[in-house]
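The chain contents come next:
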Amino acid sequence: MENNKTTFIAFAAVIITIGALWFTNRAVTPKQATWDDVLIEAKTGGYQIITTEDLAARYRKEPQSLLLVDTRQEWEYRTGHLKGALNFSMEPTWWARWRNASALGAFLGPDKERTIVFY
């Protein structure tokens, strides 16, 4: 009887571990954002939207004034990126985003006035 209890507890622990690993590492499929969603979120967060033409002009004139953040995985960044871009991988799981939230704040730094471009 004691052996059955031990086996059941071990089996339950394995199932719980597998479930937790699956839940924390599953990809989150984001809702398809519309341009209106982007504008609303920018206004709510106090962000300024610029056009790609504005961005290109700023990049040509003063590339050091921009913080370019490549959000792809590190190996993708190493295969090629925009000149001056820094890598901060944004994994597609909510757990990874939550875990890296404070690291992102430290990465971006205290300057709230500079232009940050995520791609």
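Right, let's walk through the structure included here. (Residues numbered from 1 in each chain as written. Predicted model: local features only at pLDDT ≥ 70, side-chain atom pairs only at ≥ 80, totals over all residues. Heavy atoms only, no water.)

**Some remarks on the nonpolar core**
If you look at the biggest cluster of nonpolar residues, it comprises 5 residues: Leu 67, Val 69, Phe 88, Leu 104 and Leu 108. Secondary structure elements with two or more residues in this core: strand E1 (66-70) and helix H6 (101-108). Not counting residues within four places of it along the chain, the set of residues in contact with Val 69 comprises Leu 86, Phe 88, Phe 107, Leu 108, Ile 116, Val 117, Phe 118 and Tyr 119. (Core = buried A, V, L, I, M, F, W, Y, C linked by side-chain atoms within 4.5 Å. Buried < 20%, exposed > 50% of the residue type's maximum accessible area, 1.4 Å probe, protein only. Helix = DSSP H or I, 4+ residues; strand = E, 2+ residues; numbered from the N terminus. Contact = heavy atoms within 4.5 Å.)

**Topic: the sheet that holds strand E2 (residues 86-87)**
An order of E2-E1-E3 is seen for the 3 strands of this open sheet, with the pairing classed as parallel. With one partner strand each, in any of the chains shown, E2 and strand E3 (115-118) form the two edges of the open sheet. Bridge analysis of E1 against E2 gives 2 bridges, and the strand direction is parallel. Each bridged residue has a counterpart across the sheet, and for Asp 70 the counterpart in E2 is Asn 87. Strands in contact with helix H3 (residues 52-61) are E1 and E3; relative to E1, the strand with the most contacts, it is inclined by about 110°. (Pairing = 2+ DSSP bridges. Axes fitted to C-alpha atoms, helices over the stretch in contact; angles between N-to-C directions.)

**Observations regarding the pattern of salt bridges**
Applying the stated criterion across every chain yields a total of 2 salt bridges. Arg 72 is the salt-bridge partner of Asp 70, the closest N and O atoms lying 2.7 Å from each other. Of the residues examined, Arg 72 reaches a relative accessible area of 29% and is grouped as partly exposed. With a shortest N-O distance of 3.4 Å, Arg 78 and Glu 74 are connected by a salt bridge. Here Glu 74 and Arg 78 lie together in helix H4 (residues 74-79), a separation of 4 residues that amounts to about one turn. Owing to a relative accessible area of 57%, Arg 78 belongs among the exposed residues under this scheme. Given a relative accessible area of 48%, Glu 74 falls into the partly exposed group. (Salt bridge = Lys/Arg side-chain N within 4 Å of Asp/Glu carboxyl O.)

**Observations concerning the environment of Phe 107**
On the secondary structure map, Phe 107 appears in helix H6. For Phe 107, a relative accessible area of 25% puts it in the partly exposed group. Discounting chain neighbours no more than four positions away, the residues touching Phe 107 are Val 69, Leu 86, Asn 87, Phe 88 and Arg 114.

**Observations regarding the packing of aromatic side chains**
Counted under the stated rule, the structure contains 1 aromatic pair. Aromatic pair Phe 88 and Phe 107: ring centres 5.1 Å apart, planes at 40°, arrangement tilted. One end of the pair, Phe 88, is in the loop between E2 and helix H5 (94-99); the other, Phe 107, is in helix H6, with 19 residues separating them in the sequence. Of the residues examined, Phe 88 reaches a relative accessible area of 12% and is grouped as buried. (Phe/Tyr/Trp six-rings, centres within 6.5 Å; stacked < 30°, edge-to-face > 60°.)

In short, the description is geometric, and any link to function would need to be established separately.
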